[in-house]
Amino acid sequence: MSEKELGKKWDRCLADGAIKLGTGLGLGIVFSVLFFKRHTWPISFGSGTGLGMAYANCQNDLRSFYMLHSSEKEQ
Amino acid sequence: MAAKILPVVKLATKVTIAGGALYVAYGSGLLGSSEQGSVALGKAKAAIPPAVQEWMKYFGLEAQLPTIPTVEFSPVQAWNSGVRKTISTLSEAPTNAVGYTNQGFQYMKDLTK
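Anyway, here's the lowdown on the structure attached to this text.

Rules and cut-offs
Residues numbered from 1 in each chain as written. Chains lettered and ligands numbered in written order. Predicted model: local features only at pLDDT ≥ 70, side-chain atom pairs only at ≥ 80, totals over all residues. Heavy atoms only, no water. Phe/Tyr/Trp six-rings, centres within 6.5 Å; stacked < 30°, edge-to-face > 60°. Buried < 20%, exposed > 50% of the residue type's maximum accessible area, 1.4 Å probe, protein only. Disulfide = S-S within 2.5 Å. Helix = DSSP H or I, 4+ residues; strand = E, 2+ residues; numbered from the N terminus. Expected span 1.5 Å × (residues − 1). Bend = angle between axes of the 7 residues up to and from the residue. Contact = heavy atoms within 4.5 Å. Axes fitted to C-alpha atoms, helices over the stretch in contact; angles between N-to-C directions. Parallel < 35°, antiparallel > 145°, perpendicular 65-115°, else oblique. Left-handed = near helix turned anticlockwise from the far one by under 90°. Nonpolar A, V, L, I, M, F, W, Y, C, P; charged D, E, K, R; others polar.

### A closer look at the packing of aromatic side chains
All names here are of chain A. Evaluation of the coordinates by the stated rule reveals three aromatic pairs over all chains. When the ring of F31 is compared with that of F35, the centres are 5.7 Å apart and the planes differ by 45°; the resulting orientation is tilted. With 5.2 Å between their ring centres and 85° between their planes, F65 and Y66 make a pair best called edge-to-face. Residue Y66 is classed as exposed on the basis of its relative accessible area of 65%.

### Let's talk about the state of the cysteines
Residue and element names in this part refer to chain A. Applying the stated criterion across every chain yields a total of one disulfide over all chains. Covalently, C13 is tied to C58 through a disulfide, its sulfur atoms 1.9 Å apart. Residues C13 and C58 are joined by a disulfide whose S-S torsion is about 105°; by sign, that bridge is right-handed. Of this pair, C13 sits in helix 1 (residues 3-34) while C58 is found in helix 2 (residues 41-63), placing the two residues 45 residues apart along the sequence. On the basis of relative accessible area, C13 is assigned to the buried category, the value being 10%.

### A closer look at helix 3 (residues 75-112) of chain B
Residue and element names in this part refer to chain B. Given a rise of 1.5 Å per residue, 38 residues ought to cover 56 Å, and the 51 Å separating the end C-alpha atoms of helix 3 matches this to within 8%. Bending of helix 3 peaks at approximately 50° at the position of A93, with proline P94 no more than four residues after it. The buried fraction of helix 3 is low, at zero of 38 residues.

### Details of the side chain of K20 of chain A
Inspection of the secondary structure assignment puts K20 of chain A in helix 1. Apart from the residues lying within four places of it in its own chain, the contact partners of K20 of chain A are G50, M53, A54 and N57 of chain A together with L30, L31, G32 and S33 of chain B.

### Some words on the packing of helix 1 of chain A against helix 2 of chain A
The relative placement of two packed helices is expressed as an angle between their axes plus a distance between the axes. Residue and element names in this part refer to chain A. As a packed pair, helix 1 and helix 2 sit with axes 7 Å apart at the nearest point and diverge in direction by 160°. Viewed along their axes, helix 1 and helix 2 adopt a mutual orientation that is roughly antiparallel. Helix 1 and helix 2 meet at a crossing whose hand is right-handed. Grouping the amino acids of the contact of helix 1 with helix 2 by side-chain chemistry returns 13 nonpolar, eight polar and five charged.

### Quick notes on the environment of A15 of chain A
Examined against the element boundaries, A15 of chain A turns out to sit in helix 1. Between the alpha carbons of A15 of chain A and A54 of chain A there is a distance of 9.2 Å; along the sequence they are 39 residues apart.

Quick look at the structure:
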């Protein structure tokens, strides 16, 4: 993986993290207000889920360089 | 009759709103891969100035928003130059320390002359 490609992957990771954190926070707030009587835990849960999804995406993205596609494996 | 239906209607409304929020989040690719997320972010960035203009018109504030000045600041460049400066300072520290000590001794000698 070239330096440039790695840099782009990290940029995507950070942007994705911010987006998913915001989305999780927003959905957490919606659910907290609507269903859980304005408790804090749905907000924390939502933000944590968002961060976790971003982490998993980032991990997959950074590992994808070393993963062989199944079609290449047969050769 | 109405008193019995009302809680059901309330619950249905809440579920609709929550479901709608989830659908919008999923549909705009906010919960997908990182590429989808950056596409959604780009779309949002492009959509902000027209939306702000619309809202200003709606409220009757026709004043022109000053264009955000493009700041020529790159965090990456700043960080890299910071790292370089720190490491070069650390590597030159012993030489500089010796130099400054010698200067100090020379100064004291000159004082006592």
